[in-house]
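Here are the chains, one letter per residue:
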Amino acid sequence: MSYYDVDAILTDAQKVPCAFELTVPGLGFLEGNMSGDMKQGSKVELPLWLGEMLALSQSLNTSSLVTLDHPAALSPRVLNALKADPKSVDLRAQAQHFYNLGARILELFDEEDMIDVLSDTFKSRAAVIADQANNGRGALGEGGDFLKKLDENERELFRAAHDSAKGVRTWMADLSKK
Amino acid sequence: MALPLPPGLTPPEIAFICEMELVTIIPRQKLEGLKLLGAPLKPLNPPQRASIPLWLALLLKRQRRANIVPPPWLSPISLQAILDHETEQEDAFSPPPRLPPSSSGNEAPFSPPFLQSSTANAPPDALPYHWLELGEMLLEAAADDFEEPDNVRKLMRGLREVRMAKLRQGVNVLDAGGGVKMNGVGAMELGEARSFITGVVDGLRKISASREQQRKDRAREERENGYSGSADYDDDEMDME
């Protein structure tokens, strides 16, 4: 992910649940408490970039400022649903950049299990994407429902597969025009 | 990002490269030898067959000055046999034509377009690298030189469908150590599947990037502690590149 990658920026802007370990004076506005303090133990949804910074930076007494938790999109409930049937889960409703978010979370947590679930999901959904992309009517008919459930990565994949198939079809059509 | 074109070659570019392939023609008119950049073209004498590049063959065909002899693998019988082979073997493509035995001496290695895989004396039981685009172009420009053009067209379409489906299903076995065997896949099929397959590989790599990182860290630690031999060291260096 490069510095100017819009998808990387949007991934980092997604919210993750954080629990404050310390009382922070004057930070209550994050909770909607305009003038108060951020109490110890209170839970707030913070953007990933901010939560990561606060969780990794060591304060004076060597405990970190906040602890990160898994975002709702990667909760055990969603992962179990993915294990059961990867093709029916609406990934876009979980997170627009589902896989990128997963990759970022995996950088922070050590979750061997999640890697397997995510790769298997990606693979089995990729096969469906390829079929839909090569089937001209798929995007309009019954395939439309599936396509609405794709996250950004998968949309990119669909576009790539669709464009290359279209390229070959166009070439064959041009051939007969000559 | 700067170029709007996808990586790899576009279908017209692949077809352009394919036009270097040699095909066999039966000239209808005398033609004097041509001094082409690639190799001089011998004079064409009407009843004798000659092997010339596809682009020139298409040009002469369009001017009705030659008939193209379709390669043997483009006959309905061969195509049917290859198609049967493809449908029986679920996880492999039909093998590419065998390379000629390497002759002793310092001759340059054979590869298309110098390999005569599309002339009249090509092997009939294997699809060469440029089978799809060559077949399409011949069917389009020289349909009257085929015995059963509609049948050939139908078989070509069937072959294409079967093989593309195989390519697409191939991504299911991709994994950290897995791979898809792509022996025998043609240029146009490769061009069509490239962006999809690389997209899947990229996505999988991104997801398991943390595992890869851990593996590297562990290997480095082991190396620094002096546990591993020199073979492992080489392995890791390869990964870094």
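Note that the structure is predicted; figures quoted are calculated from it, not measured.

Novice: Hey, could you run me through the nonpolar core in this one?
Specialist: Looking at soluble globular proteins, one finds that nonpolar side chains tend to be buried together. Judged by nonpolar contacts, the single largest core of 52 residues is most densely connected at Phe20, Leu82 and Phe98 of chain A together with Phe196 and Val200 of chain B. For this core, the element with the most residues is helix α6 (residues 112-134) of chain A, which contributes ten residues. Those residues within four positions of Phe20 of chain A in sequence are excluded, and the remaining contacts are Leu27, Leu30, Met38, Lys39, Gln40, Gly41, Ser42, Val44, Leu46, Leu54, Leu65 and Val66 of chain A. Formed by 42 residues, the second largest nonpolar core is a distinct cluster that contains Met172 of chain A together with Ile82, Leu127 and Leu132 of chain B.

Novice: What am I meant to see in the pattern of salt bridges here?
Specialist: It is possible for side chains bearing opposite charge to pair when their charged atoms get close. What the rule picks out here adds up to 19 salt bridges over all chains. With a shortest N-O distance of 3.1 Å, Arg211 of chain B and Asp116 of chain A are connected by a salt bridge. Linking Arg211 of chain B in helix α7 (residues 209-224) with Asp116 of chain A in helix α6, this pair reaches from one chain into another. Connected through salt bridges with shared partners, the residues Asp12, Glu52, Arg104 and Glu107 of chain A form a single ionic network.

Novice: Can you help me understand the layout of surface pockets in this one?
Specialist: Space left empty within the atom packing is revealed by a probe, the size of a water molecule, rolled over the atoms. Residue and element names in this part refer to chain B. Estimates place the volume of the second largest pocket at around 670 Å³. Elements with a minimum of two residues in the lining of the second largest pocket: β3 (40-41) and β4 (50-53). No other element matches β4, which puts four residues into the lining of the second largest pocket. Class assignment of the residues belonging to the lining of the second largest pocket gives a composition of 15 nonpolar, five polar and two charged.

Novice: Which parts of the structure should I look at to understand the sheet that holds β4 of chain B?
Specialist: Residues and elements named next belong to chain B. Read from one edge to the other, the open sheet built from three strands follows the order β4-β1-β5, with strand pairing classed as antiparallel. Each having just a single partner strand, β4 and β5 (66-69) make up the two edges of the open sheet. Taken over all neighbouring pairs, the strand axes of this sheet differ in orientation by 50 degrees on average, direction set aside. With four bridges connecting them, strand β1 (residues 22-27) and β4 associate as antiparallel partners. Residue pairing across strands places Leu22 opposite Pro53, the latter belonging to β4.

Novice: Would you mind going over unusual backbone geometry with me for this structure?
Specialist: Negative phi characterises most residues that are not glycine, and trans characterises most peptide bonds. Residue and element names in this part refer to chain B. For Arg64, which is not glycine, the phi torsion reads 55 degrees and is therefore positive. Position of Arg64 relative to the elements: it lies in the loop between α2 (54-62) and β5. With a relative accessible area of 64%, Arg64 lands in the exposed category.

Novice: How should I be thinking about the confidence of the model for chain B in this particular structure?
Specialist: Confidence in the prediction for chain B averages 78 pLDDT; 80% of positions are at 70 or higher. In the predicted structure, residues 228-241 of chain B sits below a pLDDT of 50 and forms ten contacts with residues beyond four places in sequence or in another chain.

Novice: Help me out: how do you make sense of the sheet that holds strand β3 (residues 66-68) of chain A in this one?
Specialist: Sheet strands pair via backbone hydrogen bonds, and the direction of the pair is either parallel or antiparallel. Residue and element names in this part refer to chain A. One open sheet holds the three strands; their spatial order is β2-β1-β3, and the pairing between them is antiparallel. The strands lining the two open edges of the sheet, one partner per strand, are β2 (43-47) and β3. Across the sheet, the axes of successive neighbouring strands diverge by a mean angle of 40 degrees, strand direction being ignored. Here strand β1 (residues 15-20) runs beside β3; their pairing, made up of three bridges, is antiparallel. Residue pairing across strands places Cys18 opposite Leu68, the latter belonging to β3. Packed onto the sheet, helix α2 (residues 48-56) meets β1, β2 and β3 and runs at close to 115 degrees relative to β2.

Novice: Looking at this structure, how should I read empty space enclosed by the protein?
Specialist: Enumeration according to the criterion identifies three cavities of 30 Å³ or more in this entry. Taken as a whole, the largest cavity holds about 70 Å³ of empty space. Every residue lining the largest cavity is listed: Ala130, Asn134, Ala161, Ser164 and Ala165 of chain A together with Met164, Leu167, Arg168, Glu192, Ala193, Phe196 and Ile197 of chain B. For the lining of the largest cavity, the secondary-structure elements that each account for two or more residues are α6 and α8 (152-177) of chain A together with α5 (149-170) and α6 (187-207) of chain B. Element by element, the count of residues in the lining of the largest cavity is highest for α6 of chain B, at four residues.

Novice: Just to check I follow, could you spell out the interface of chain B and chain A for this structure?
Specialist: A common way to express how large an interface is: the accessible area buried when the components associate. The interface is formed by 30 residues belonging to chain B together with 31 residues belonging to chain A. The largest per-residue losses of area from chain B upon contact with chain A belong to Phe196, Ile207 and Arg211 of chain B, which jointly make up 23% of the total buried on that side. Connecting chain B to chain A are two salt bridges. Seen at the junction of chain B and chain A, the total is four residue pairs in polar contact (both at pLDDT 80 or more). Listing elements by their share of the side of chain B that touches chain A, those giving two or more residues are α1 (11-18), α4 (131-141), α5, α6 and α7 of chain B.

Novice: I'm lost on the packing of aromatic side chains in this one. Help?
Specialist: Residues and elements named next belong to chain A. As enumerated under the stated definition, the model contains two aromatic pairs over all chains in all. Ring geometry for Phe98 and Tyr99: centres 5.5 Å apart, planes at 85 degrees, overall edge-to-face. Between Tyr99 and Phe122 the ring centres are 5.0 Å apart and the planes differ by 75 degrees, which places this aromatic pair in the edge-to-face class. Note that Tyr99 is positioned in helix α5 (residues 98-108) and Phe122 in helix α6, a separation of 23 residues in sequence. Members of the aromatic cluster, joined through ring pairs, are Phe98, Tyr99 and Phe122.

Novice: What should I look at first to understand the packing of α8 of chain A against α6 of chain B in this one?
Specialist: Packed helices, taken two at a time, are described by the angle their axes make and the gap between the axes. Where α8 of chain A contacts α6 of chain B, the two axes come as close as 8 Å, and the packing angle between them is 175 degrees. It follows that α8 of chain A is roughly antiparallel to α6 of chain B by the angle criterion. Note on element contacts: α6 of chain B touches α8 of chain A through Met188, Gly191, Glu192, Ser195, Phe196, Gly199, Val200 and Lys206 of chain B, opposite Asn153, Leu157, Ala160, Ala161, Ser164, Ala165, Val168 and Trp171 of chain A. Grouping the amino acids of the contact of α8 of chain A with α6 of chain B by side-chain chemistry returns nine nonpolar, five polar and two charged.

Conventions used here
- Residues numbered from 1 in each chain as written.
- Chains lettered and ligands numbered in written order.
- Predicted model: local features only at pLDDT ≥ 70, side-chain atom pairs only at ≥ 80, totals over all residues.
- Heavy atoms only, no water.
- Core = buried A, V, L, I, M, F, W, Y, C linked by side-chain atoms within 4.5 Å.
- Buried < 20%, exposed > 50% of the residue type's maximum accessible area, 1.4 Å probe, protein only.
- Helix = DSSP H or I, 4+ residues; strand = E, 2+ residues; numbered from the N terminus.
- Contact = heavy atoms within 4.5 Å.
- Salt bridge = Lys/Arg side-chain N within 4 Å of Asp/Glu carboxyl O.
- 1 Å grid on protein atoms, 1.4 Å probe; cavity = no way out; pocket = protein on both sides within 12 Å on 5 of 7 lines; lining within 4 Å.
- Points joined across faces, edges and corners; volume = space filled by probe spheres on them.
- Nonpolar A, V, L, I, M, F, W, Y, C, P; charged D, E, K, R; others polar.
- Pairing = 2+ DSSP bridges.
- Axes fitted to C-alpha atoms, helices over the stretch in contact; angles between N-to-C directions.
- pLDDT = per-residue confidence, 0-100.
- Buried area = accessible area lost by both parts, 1.4 Å probe.
- Polar contact = N/O pair within 3.5 Å; in protein donor to acceptor, adjacent residues only side chain to side chain.
- Phe/Tyr/Trp six-rings, centres within 6.5 Å; stacked < 30°, edge-to-face > 60°.
- Parallel < 35°, antiparallel > 145°, perpendicular 65-115°, else oblique.

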